[in-house]
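Read off the chains here:
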Amino acid sequence: MLYWLTEFSDGGDVFNLFRYITFRSGGAFFTALLFGFMFGQPLINILRRKQGKGQPIRDDGPESHKEKQGTPTMGGLLILSALLVSTLLWARLDNPYIWITLFVTYGFGLIGFADDYAKVSKATTAGVSGKLRMALGLLIAAIAGYLASVCHPEGLQFKLALPFFKDTLLNMGLFFIPFVMIVIVGAANAVNLTDGLDGLAIMPVMIAAGTLGVIAYAVGRVDFTEYLDVHYVPGTGELFIFTSALIGGGLGFLWYNAPPAAVFMGDTGSLALGGALGAIAVATKHEIVLAIVGGLFVVEALSVIIQVLYYKRTGRRVFLMAPIHHHFEHKGWQEPQIVIRFWIISLILALIGLATLKVR
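Structure report, in brief. Predicted, not measured: the structure shown is a model, and the values here were computed from it. (Residues numbered from 1 in each chain as written. Predicted model: local features only at pLDDT ≥ 70, side-chain atom pairs only at ≥ 80, totals over all residues. Heavy atoms only, no water.)

**Thoughts on the overall build of the protein**
The line we're drawing: The numbering of helices and of strands both runs from the N terminus, where a helix is a DSSP run of H or I of at least 4 residues and a strand a run of E of at least 2. Note on method: radius of gyration uses C-alpha positions; expected globular size equals 2.2 Å times residues raised to 0.38. Here's how the labels work: a residue is buried when its accessible area is under 20% of the maximum for its type, exposed when over 50%, partly exposed in between, all with a 1.4 Å probe on protein chains only. Any two residues whose heavy atoms approach within 4.5 Å are treated as being in contact. Residue burial considers only the protein chains on display, and all accessible areas are found by Shrake-Rupley using a 1.4 Å probe. All tallies of charge rest on Lys and Arg as positive and Asp and Glu as negative; His and the ends of each chain are not included. Where a charge lies is defined by one atom per residue type: Lys uses NZ, Arg uses CZ, Asp uses CG and Glu uses CD.
Within the protein, the regular secondary structure consists of 13 helices and 2 strands. Relative to a compact globule of 360 residues, whose C-alpha radius of gyration would be 21 Å, the protein shows 20 Å and is just as compact. By its C-alpha atoms, the protein is 60 × 45 × 35 Å across when sized along the principal axes. In the protein, buried positions account for 54% of the 360 residues. Taking the intrachain contacts of the protein between residues at least 6 apart in sequence as the baseline, contacts between residues at least 24 apart amount to 72%. Here the protein has roughly 16100 Å² of accessible surface; of this, 68% comes from carbon and sulfur atoms. Taking the 26 positively charged and 23 negatively charged side chains of the protein as two groups, their mean positions are separated by 8 Å.

See the structure below:
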């Protein structure tokens, strides 16, 4: 919205600053951060009053989690509110990738909100039907995948870019849409599975978002793409503003989610943020790089899949408990140890993901 102030610029005044993505990204970050600090505690107070007993705790979970009983959920509302206000304020609203990413983020956010509301209102760990959640998620992802594809340059439409083979594009045709559905829905559910310990999911999400934001900025500039030997996708640079707002809102949330958490993110936040990461990866043609940058989420999801399939086949378990962060809890690791070590892993994977930009 503030970009339109450039119309009052003669090229040498303060209004000219709003032309620069980097300036507006900084503004988006601090706007979302301040929003989180200002409205975090009032939101927690409202959630605590409305929810009473807070998020239901699973009976089969680690014993230490019973101490968390009564902690309110739906804290993702804080991140999503800060993200929306900041993005609408600082991003160019004529950019299709901004609207596609917002559509995915808040579409999945609504699914998560409905799931959290069902759990809290019924005081049960069973929320919205898994089949309904999946169906709605796939629908949102399919629409976003098609819109992103038609917005891409003609040479990139419905094609898959490979990070280590820069001259190779796989023409998937309409099969690209099911692939995008897997990417976005998979990312949303993987982040959702990771959100099981205080502060565990939000920092890796911010790290992944920051990495994808840098990639979005790079692939949206023709000079950077020529140097880095990646595909040029005009317009994606605006997503750097979105990711900056996400990081600001995420830090504001982490202030209250740090152990011991005063509020949980809930499916409202985890599904929305995971969907956002998937949408950005699709927009920037870096779907495979997302699997590297978000490798922690991939491992968390795979641990659940492996556990379920192996148990159905043999009646035995591979892990003491899935997702894998609970396995380490049962191994005796303290919650802060798991959280910080997983943060470190996420940072390493993000650096590896960035390194793919220059691998020839």
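**Topic: the packing of aromatic side chains**
Aromatic ring pairs are defined here through the distance separating the ring centres and the angle between the ring planes. Short version of the rule: When two rings of Phe, Tyr or Trp (its six-membered ring) have centres within 6.5 Å they constitute a pair, described as stacked for plane angles under 30 degrees, edge-to-face for angles over 60, and tilted for the intermediate range.
Counted under the stated rule, the structure contains 13 aromatic pairs. Their ring planes at 40° and their centres at 6.0 Å tell us that phenylalanine 176 and phenylalanine 179 sit as a pair that is tilted. Here phenylalanine 179 and phenylalanine 176 lie together in helix H5 (residues 176-194), a separation of 3 residues that amounts to about one turn. Ring plane angle 85° and centroid distance 6.1 Å describe the contact between phenylalanine 328 and phenylalanine 342, whose orientation is recorded as edge-to-face. Placement of phenylalanine 328 in helix H12 (residues 324-330) and of phenylalanine 342 in helix H13 (residues 335-355) is noted, with a sequence separation of 14 residues between them. Comparing phenylalanine 328 with phenylalanine 342 shows no difference in burial state: the two are buried.

**Details of the environment of leucine 296**
Take leucine 296: it is sitting in helix H11 (residues 295-314). With a relative accessible area of 6%, leucine 296 lands in the buried category. When sequence neighbours within four positions are dropped, the list of residues in contact with leucine 296 reads Pro204, Phe342, Ser346 and Leu349.

**Details of the pattern of salt bridges**
Going by this rule: In what follows, salt bridge is the name for a side-chain nitrogen of Lys or Arg lying within 4 Å of a carboxyl oxygen of Asp or Glu.
Evaluation of the coordinates by the stated rule reveals 7 salt bridges. The shortest N-O distance in the salt bridge between arginine 92 and aspartate 94 comes to 2.7 Å. Given the relative accessible area of 26%, arginine 92 is considered partly exposed. Between lysine 119 and aspartate 267 there is a salt bridge whose closest N-O contact spans 3.2 Å.

**Considering unusual backbone geometry**
Cis geometry is adopted by the peptide bond preceding proline 260, which originates at proline 259 and carries an omega value of -10°. Mapping proline 260 onto the fold places it in the loop between helix H8 (239-257) and helix H9 (266-283). That bond from alanine 322 to proline 323 is cis: its omega, 0°, falls within 30 degrees of zero. Take proline 323: it is sitting in the loop between H11 and H12. For methionine 74, which is not a glycine, the phi torsion comes out positive at approximately 70°.

**Considering empty space enclosed by the protein**
This is how it is decided: Residues are called lining when one of their atoms sits within 4 Å of a cavity or pocket point, these points coming from a 1 Å grid over the protein atoms alone, where a cavity is a set in which a 1.4 Å probe fits but cannot get out and a pocket is an open set with protein on both sides within 12 Å along at least five of seven lines. Grid points are joined across faces, edges and corners, and a volume is the space filled by probe spheres set on the points.
By the definition in use, this model includes 1 cavity of 30 Å³ or more. Of the pockets and cavities examined, the largest cavity occupies roughly 100 Å³. Every residue lining the largest cavity is listed: Ala161, Leu162, Pro163, Lys166, Val230, His231, Lys285, His286, Val289, Thr356 and Leu357.

**As for the environment of phenylalanine 297**
You can see phenylalanine 297 is positioned in helix H11. Taking C-alpha positions, phenylalanine 297 is 42 Å from valine 14, a pair spaced 283 residues apart along the chain. Each residue touching phenylalanine 297, except ones within four places of it in the same chain, is listed here: Ala190, Val191, Thr194, Ala201, Pro204, Val205, Ala208 and Leu277.

**What to know about the side chain of serine 303**
Within the fold, serine 303 resides in helix H11. Contact partners of serine 303, with chain neighbours within four places excluded, come to Phe319, Ala322, Pro323 and Ile324.

Read these as geometric descriptors, not functional statements.
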